[in-house]
Amino acid sequence: AEALARHEADRVTAAAREADLRSGAADLERRTNESATREQALAVQNAHLRADVALRDATLAQIYGSRAWRLFAPWWKLKGLLKR
């Protein structure tokens, strides 16, 4: 009877450990999915930021290459130096 009780206690302990492992595995899977979702969102945000930087660079290249910029930029620099 004592061996039967010990066996039953071991079975209950094993079942509790198994349930704990399943719970941990489910938690790990949930965290993995959340991490993948965050990573995808960051990748999309990064792509948008790269597009914004490319647009800014193209706009600045267009401004710096314009005749108006080349004509008036030296005047603005001289004006700034004269204000000092």
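Residues numbered from 1 in each chain as written. Predicted model: local features only at pLDDT ≥ 70, side-chain atom pairs only at ≥ 80, totals over all residues. Heavy atoms only, no water.

Participant: Looking at this model, I keep getting lost on the overall build of the protein. Mind explaining?
Facilitator: What the protein contains, in helices and strands, is two helices and zero strands. Over its C-alpha trace the protein gives a radius of gyration of 34 Å, far above what one expects of a compact globule, namely 12 Å for 84 residues. Projected onto its principal axes, the C-alpha positions of the protein cover 105 × 30 × 10 Å. Within the protein, buried positions represent 1% of all 84 residues. Of the roughly 7,900 Å² that the protein leaves accessible, carbon and sulfur atoms contribute 61%. Taking the 15 positively charged and 11 negatively charged side chains of the protein as two groups, their mean positions are separated by 26 Å. (Helix = DSSP H or I, 4+ residues; strand = E, 2+ residues; numbered from the N terminus. Rg over C-alpha atoms; globule rule 2.2 N^0.38 Å. Buried < 20%, exposed > 50% of the residue type's maximum accessible area, 1.4 Å probe, protein only. Areas by Shrake-Rupley, 256 points an atom, 1.4 Å probe, with all protein chains shown as cover. Lys, Arg positive; Asp, Glu negative; His and termini not counted. Charge placed at Lys NZ, Arg CZ, Asp CG, Glu CD.)

Participant: Before we go on, may I ask you to explain the pattern of salt bridges in this structure?
Facilitator: Two side chains with opposite charge may pair up if their charged atoms get near one another. Taken as a whole, this structure holds seven salt bridges when the rule is applied. Its salt-bridge partner being E8, residue R11 comes within 2.5 Å of it at the nearest N-O pair. With a gap of three residues between them, R11 and E8 both fall in helix α1 (residues 2-64), about one helical turn apart. E34 is paired through a salt bridge with R30; the nearest N and O atoms lie 3.0 Å apart. Note that E34 and R30 are positioned in helix α1 at a spacing of four residues, about one turn of the helix. (Salt bridge = Lys/Arg side-chain N within 4 Å of Asp/Glu carboxyl O.)

Participant: Help me out: how do you make sense of helix α2 (residues 67-83) in this one?
Facilitator: In an α-helix there are 3.6 residues to a turn, and that puts residues three or four apart on one side. Taking 1.5 Å per residue as the helical rise, α2 with its 17 residues ought to reach 24 Å, and the 25 Å between its terminal C-alpha atoms agrees with that figure. If you look at α2, its biggest bend is around 30°, right at A73, and the proline P74 turns up within four residues after that. (Expected span 1.5 Å × (residues − 1). Bend = angle between axes of the 7 residues up to and from the residue.)

Participant: Sorry if this is basic, but what is going on with the environment of T59 here?
Facilitator: Its place among the elements puts T59 in helix α1. Residue T59 is classed as partly exposed on the basis of its relative accessible area of 36%. A distance of 2.9 Å separates a polar side-chain atom of T59 from the backbone oxygen of L55. (Polar contact = N/O pair within 3.5 Å; in protein donor to acceptor, adjacent residues only side chain to side chain.)

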